[in-house]
Amino acid sequence: MLISFPPALEEEINQASKTVPNSQLMSSAATLSKHYRESMFGGTKPTVQGDLAALSYSVIIMPATYAQLGGAMLAVRQRIANWQPTSLLDLGSGPGTALWAAYQQWPSLQKMTALEREPAFIKLGQRLAKASPNDTIKKAVWKQADLRNKSALRNEATYDLVVIGHALNEMDEESQRTVVSLAWERCSGLLLLVEPGTSAAFPLVKNMREYLLSLGAKTIAPCVHDRECPLVGDWCHFPQKINRPAFQRRAKAGTAGWEESKFSYAAMARFPADNPIWGRLIHQPDVQKGSVQLTVSSQDGIVQPKAFKRNRDKFNKLNDYKWGDIISEAIEPE
């Protein structure tokens, strides 16, 4: 499924980017892109510092982050279609990407709170939020806070939906567990963790999922069970395509109308999903000349059902699946 950047958000970033000379913006964007490609886990220094870096982030990085958060939220909504959250707490909000992505999936949201440690992100996020046609985003409450400080969440109320997107990878392991524990305490419904879909980030998501299971959480997505992850020598990640905003195409001198961004995530709740499912496709189908094979994380572990062209109905059925799709019923081996 192709998702789109919110028009009001695109227009406001476009207007903001016009206030900076293009050469200066591109230089800052190149530095930021390099940092994100090469960054290590557990850093103590903020990735983004200052107004120019925050704006560069919104131009270069934010569309991909929106795709990742939007893809994870869409997968959650597919599993709990009747869930209608009314409040959101976004931890490590950056310029507020999760606020926009969440409202797209859950227009039932009436209250939003964003916690962010970098003042430039707060300043930009507030500007972008004011441009939204939705009062919920426009009236979001912004607070400066370092999530690694245990007092940051002490006085917060509980929220139906709590999101930690692209924030845990900037912390050491002890801080990650502390933040997730505090986030779970503030969560009355669902806690969503989203990180880049890399082999380096997946173990973090995996470990935090297992930690939340130990606290009594229920898995909504992507896993179809509440057991330990069965993957060995692989990592669980998913793609999401997004229409590229015009400002990003200009910045990257790109002509493609869309890009694909990959993410790893764990959606953990205080309630089970509406209906049990058998599995989820965790790789693109492997289509050969006479066969198609799937890699599925299932109730039976990691399985690889296969179909041959001679069994046309089954071959077509398996060939129609897309990476990330839910598979409701078990596929019998051939």
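Coordinates for the structure precede this section.
Residues numbered from 1 in each chain as written. Predicted model: local features only at pLDDT ≥ 70, side-chain atom pairs only at ≥ 80, totals over all residues. Heavy atoms only, no water.

Time to look at the overall build of the chain. Within the chain, the secondary structure is distributed over eleven helices and 16 strands. Here the C-alpha atoms of the chain give a radius of gyration of 20 Å, agreeing with the 20 Å that 2.2 N^0.38 yields for 334 residues. Dimensions of the chain, computed from the C-alpha atoms along their principal axes, are close to 60 × 45 × 35 Å. Considering the chain as a whole, with its 334 residues, one finds that 55% of them fall into the buried category. For the chain, contacts bridging at least 24 residues in sequence account for 73% of all contacts bridging at least 6. Taking the 39 positively charged and 33 negatively charged side chains of the chain as two groups, their mean positions are separated by 3 Å. (Helix = DSSP H or I, 4+ residues; strand = E, 2+ residues; numbered from the N terminus. Rg over C-alpha atoms; globule rule 2.2 N^0.38 Å. Buried < 20%, exposed > 50% of the residue type's maximum accessible area, 1.4 Å probe, protein only. Contact = heavy atoms within 4.5 Å. Lys, Arg positive; Asp, Glu negative; His and termini not counted. Charge placed at Lys NZ, Arg CZ, Asp CG, Glu CD.)

It is worth spelling out the layout of surface pockets at this point. Space inside the second largest pocket adds up to approximately 450 Å³. Lining the second largest pocket are 20 residues, and of these Met 1, Pro 239, Gln 240, Trp 323 and Asp 325 lie nearest its centre. Residues belonging to the lining of the second largest pocket are distributed by class as follows: ten nonpolar, five polar and five charged. (1 Å grid on protein atoms, 1.4 Å probe; cavity = no way out; pocket = protein on both sides within 12 Å on 5 of 7 lines; lining within 4 Å. Points joined across faces, edges and corners; volume = space filled by probe spheres on them. Nonpolar A, V, L, I, M, F, W, Y, C, P; charged D, E, K, R; others polar.)

A word on the side chain of Arg 79. Relative to the elements of secondary structure, Arg 79 occurs in helix α4 (residues 62-79). Of the polar contacts made by the side chain of Arg 79, one reaches the backbone oxygen of Ile 220; its length is 3.5 Å. Residues in contact with Arg 79, not counting those within four places in the same chain, are Ile 220, Ala 221, Ala 273, Asp 274, Asn 275, Pro 276, Ile 277, Arg 280 and Ile 326. (Polar contact = N/O pair within 3.5 Å; in protein donor to acceptor, adjacent residues only side chain to side chain.)

Of note, Ser 264 is situated in strand β9 (residues 258-269). Separated by 2.8 Å, the side chain of Ser 264 and the backbone oxygen of Cys 236 make a polar contact.

Before going further, it helps to examine the packing of aromatic side chains. Per the counting criterion, the structure on display carries seven aromatic pairs. On the basis of an interplanar angle of 45° and a centroid distance of 5.5 Å, the ring pair of Phe 263 and Tyr 265 is categorised as tilted. Judged by relative accessible area, Tyr 265 falls into the buried class, the value being 5%. An aromatic cluster is built from Trp 83, Trp 106 and Phe 271, whose rings are joined through pairwise contacts. Its end group placed over the ring of Trp 184, Arg 270 keeps NZ or CZ at 3.9 Å from the ring centre. Over the face of the ring belonging to Phe 308 we find Arg 310, whose NZ or CZ atom lies 4.6 Å from the ring centre. (Phe/Tyr/Trp six-rings, centres within 6.5 Å; stacked < 30°, edge-to-face > 60°. Lys NZ or Arg CZ within 6 Å of the ring centre and 35° of its normal.)

Let us look at the state of the cysteines. Applying the stated criterion across every chain yields a total of zero disulfides. Cysteine Cys 187 is unpaired, with the sulfur of Cys 223 as its nearest cysteine sulfur at 17 Å. Cysteine Cys 223 shares no disulfide, and the gap to the nearest cysteine sulfur, in Cys 229, comes to 5.9 Å. Relative accessible area serves as the criterion here: at 13%, Cys 223 is assigned to the buried category. (Disulfide = S-S within 2.5 Å.)

Topologically, Trp 323 is positioned in the loop between α11 (312-319) and β16 (326-327). With relative accessibility at 17%, the residue Trp 323 sits in the buried group. Along the sequence, Trp 323 and Thr 295 sit 28 residues apart, while their C-alpha atoms lie 9.3 Å from each other. Once residues within four sequence positions are removed from consideration, Trp 323 is found in contact with His 237, Phe 238, Pro 239, Lys 262, Leu 281, Ile 282, His 283, Gln 284 and Pro 285. Polar contacts involving the side chain of Trp 323 include one to the main-chain carbonyl oxygen of His 237, which spans 3.0 Å. Of the polar contacts made by the side chain of Trp 323, one reaches the backbone oxygen of Ile 282; its length is 3.0 Å.

With that out of the way, let us pick up unusual backbone geometry. The residue after Ala 221, namely Pro 222, is reached through a cis peptide bond having omega 0°. Relative to the helices and strands, Pro 222 resides in the loop between β7 (218-221) and β8 (238-243). If you check the backbone angles, His 166 has positive phi at about 55° while not being a glycine. Within the secondary structure, His 166 sits in the loop between β5 (159-165) and α8 (173-185). Look at His 166 and you get buried, because its relative accessible area is 17%.

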